[in-house]
Amino acid sequence: MTHPSLAEMISRLHKLPAMPAVAMELLSSLASDNTEVDALARRIAQDQAIAARVLRVANSPFYGLQTQVGSIRDAIVVLGFSSVRSLVLTATVVSGLPAGRCPGFSQEDFWRHGLAVGVAARSLARALGRKADNLFIAGLLHDIGRLAMVVVAPDDYARVIATAHEQDCPLQQAEISAFGYDHAAVGAALAQRWNFPADIREALAFHHAPTDGTTGGPAALIHYADAIAKALDLDGAENTLLPHLDPATIDALDLDQHTLARVLAETQEGFDHCSLLLG
Amino acid sequence: MTPSSLVPITDIKPGATLAEALCDASGALLRPAGYVIAEADLENLQRRGIQTLVIVTPRDPAEDNRLREAARARVLHIFRHSADAPEAQALLHAVLAFRQEHFR
């Protein structure tokens with residue numbers, strides 16, 4: 001059985017639906033300090049379906065607002081641009097990147113897991129005193145290479161899913177056995193093509209091999225956030241399996257039990273509210 | 001999730017706990033989730049035209065124990081390849097402790 005090589009896979013990435021324009025603008029604003037917030041707010045508000053979903057979350061009890069916000073502009077004033085940007089990006093990519101048909105692949109579970117890792121990464125970042133915005137987005141998109149593989153080679157990927165199920169092994173291991181590379185390699189190529197900020201690129205490329213990234217950096221946080229999301233069983237999949245943890249990476253993060261307990265509680269609560277974004 | 005049910009306000013006794021925040025038609029918060037309802041609240045809310053409330057349903061301890069055990073078994077299933085791995089111990093113990101409290 002021949003599978004597309006990594007070079008062939010990358011050359012076929014144009015088959016992927018284009019990243020929605022608003023999502024691209026929001027992603028590039030992550031790396032820039034002089035974003036035109038007003039103009040961006042107007043652009044977001046033009047997509048009423050996205051705006052409605054974002055307002056639904058902004059008005060959920062999680063944010064504890066005393067009065068409801070009725071527009072994207074109000075939401076930015078009350079919650080801050082970075083919070084609203086994360087919500088809008090989530091709603092945009094979830095509805096804007098359809099996976100097509102691949103037996104065994106659940107797009108709903110895929111995005112539930114991405115969102116869960118984003119929420120866990122944001123909580124971990126706060127606990128460690130890091131900037132949380134980019135980590136939320138990195139978590140949301142960390143497995144985007146898998147979505148690309150599903151779109152480019154749906155039949156091959158269906159066999160990967162079946163093999164992982166039969167052998168009770170992580171999907172990543174089954175990807176390497178079948179293709180010779182994994183979704184992290186495809187995700188890294190995609191992140192470069194879409195010109196993602198450097199820290200998000202690093203997280204996508206190395207979240208399964210965090211020692212290849214910066215010590216304690218974005219890949220390390222997404223590595224642990226991935227495990228936290230799985231451990232909390234947030235993706236809704238039946239055969240959830242904790243990913244392999246890298247001992248040196250977990251040691252270096254040096255989280256005490258009290259902090260870890262807080263991260264778990266924040267992740268569960270944050271996910272319950274943000275999952276309203278999934279439709 | 002805390003079990004809850006939608007109950008006509010006329011059937012609610014003082015001491016019941018709100019399962020969800022109660023807002024009026026304009027979205028203003030009237031009572032937060034977790035609020036314990038007093039007799040005066042029932043009259044006050046009825047005057048405002050509130051007809052039903054979502055209140056916390058009392059729990060059955062035997063059912064709670066069964067759910068707690070099922071939640072523990074599910075965590076161990078997710079950790080089935082790493083329950084003995086030293087690097088996974090902190091997360092395993094933290095999640096097991098979390099599921100003792102959050103098992104629904």
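About the thresholds
Residues numbered from 1 in each chain as written. Chains lettered and ligands numbered in written order. Predicted model: local features only at pLDDT ≥ 70, side-chain atom pairs only at ≥ 80, totals over all residues. Helix = DSSP H or I, 4+ residues; strand = E, 2+ residues; numbered from the N terminus. Rg over C-alpha atoms; globule rule 2.2 N^0.38 Å. Buried ≥ 20, exposed ≤ 12 C-beta atoms within 10 Å, placed from the backbone. Contact = placed C-beta atoms within 7 Å. Nonpolar A, V, L, I, M, F, W, Y, C, P; charged D, E, K, R; others polar. Domains from an automatic or database assignment. Core = buried A, V, L, I, M, F, W, Y, C linked by C-beta atoms within 7 Å. pLDDT = per-residue confidence, 0-100. Pairing = 2+ DSSP bridges.

### As for the overall build of chain A
- Within chain A one finds 16 helices and zero strands.
- For 279 residues, the compact-globule estimate of 2.2 N^0.38 gives 19 Å, and the C-alpha radius of gyration of chain A, at 18 Å, lies within 12% of that figure.
- When the 279 residues of chain A are sorted by exposure, 48% land in the buried category.
- Intrachain contacts of chain A at a sequence separation of at least 6 include 67% that bridge at least 24 residues.

### A short note on the interface of chain B and chain A
- On the chain A side, the residues contacting the 22 residues of chain B number 22 residues.
- Elements supplying a minimum of two residues to the side of chain B that touches chain A: α2 (61-78) and α3 (89-101) of chain B.
- The biggest single contributor to the side of chain B that touches chain A is α3(B), with six residues.
- In terms of residue class, the side of chain B that touches chain A is built from 15 nonpolar, four polar and three charged.

### Details of the domain arrangement of chain A
Residues and elements named next belong to chain A.
- Per the domain assignment, the segments of chain A are domain 1 (18-96) and domain 2 (99-279).
- Counting residues at the interface gives 16 residues for domain 1 and 16 residues for domain 2.
- Elements with a minimum of two residues in the side of domain 1 that touches domain 2: α2 (21-30), α4 (48-58) and α6 (81-96).
- The element that contributes the greatest number of residues to the side of domain 1 that touches domain 2 is α6, accounting for seven residues.

### Some thoughts on the nonpolar core
- Formed by 102 residues in total, the largest nonpolar core has its most connected members in Val54(A), Ala120(A), Ala121(A), Ala225(A) and Ile228(A).
- Contact partners of Val54(A), with chain neighbours within four places excluded, come to Ile72(A), Ala75(A), Val84(A), Leu87(A), Val88(A) and Ala91(A).
- Listed in part, the six residues of the second largest apolar core include Ala16(B), Ala19(B), Ile37(B) and Ile55(B).

### Side note on the domain arrangement of chain B
- Domain assignment breaks chain B into domain 1 (4-56) and domain 2 (61-101).
- Inter-centroid distance (C-alpha atoms) of domain 1 of chain B to domain 2 of chain B is 35 Å.

### A closer look at the confidence of the model for chain B
Residue and element names in this part refer to chain B.
- Looking at chain B, the pLDDT average stands at 90 and 98% of residues meet or exceed 70.
- When the elements of chain B are averaged for pLDDT, strand β2 (residues 22-23) gives the smallest value, 86, and α3 the largest, 96.
- Scored as a whole, the predicted complex attains pTM 0.83, and scored at its interfaces, ipTM 0.88.

### Some remarks on the environment of Gly279(A)
All names here are of chain A.
- When you line up the elements, Gly279 lands in the segment after α16 (257-274).
- Classification of Gly279 by C-beta neighbours within 10 Å gives exposed; the count is 11.
- For the pair Gly279 and Ala220, spaced 59 residues apart in sequence, the C-alpha to C-alpha distance is 30 Å.

### Brief notes about the environment of Arg99(B)
All names here are of chain B.
- Secondary-structure assignment places Arg99 in helix α3.
- Residues Arg99 and Asp11 lie 88 residues apart in sequence; the distance between their C-alpha atoms is 33 Å.
- Discounting chain neighbours no more than four positions away, the residues touching Arg99 are Ala71, Arg72 and Val75.

### Description of the pairing of strand β1 (residues 4-8) of chain B
Residue and element names in this part refer to chain B.
- Taken across its five residues, β1 has zero buried, putting it largely on the surface.
- Bridge count for β1 against strand β4 (residues 52-56) is five bridges, and the pairing is antiparallel. Bridging from a neighbouring strand, Ser5 pairs with Ile55 of β4.

### Some points on the environment of Arg31(B)
Residue and element names in this part refer to chain B.
- Among the structural elements, Arg31 can be located in strand β3 (residues 29-31).
- The class for Arg31 is partly exposed, based on 18 C-beta atoms found within 10 Å.
- Placed 16 residues apart in sequence, Arg31 and Gly15 show a C-alpha to C-alpha distance of 14 Å.
- Setting aside chain neighbours within four positions, we find Arg31 in contact with Leu18 and Leu22.

### Description of unusual backbone geometry
Residues and elements named next belong to chain A.
- Positioned with a positive phi, Asp168 is a non-glycine residue whose angle comes to about 50°.
- Position of Asp168 relative to the elements: it lies in the loop between α10 (154-167) and α11 (171-179).
- One non-glycine residue, Asp233, lies in the positive phi region at around 65°.
- Mapped onto the fold, Asp233 is located in the loop between α14 (218-231) and α15 (247-253).

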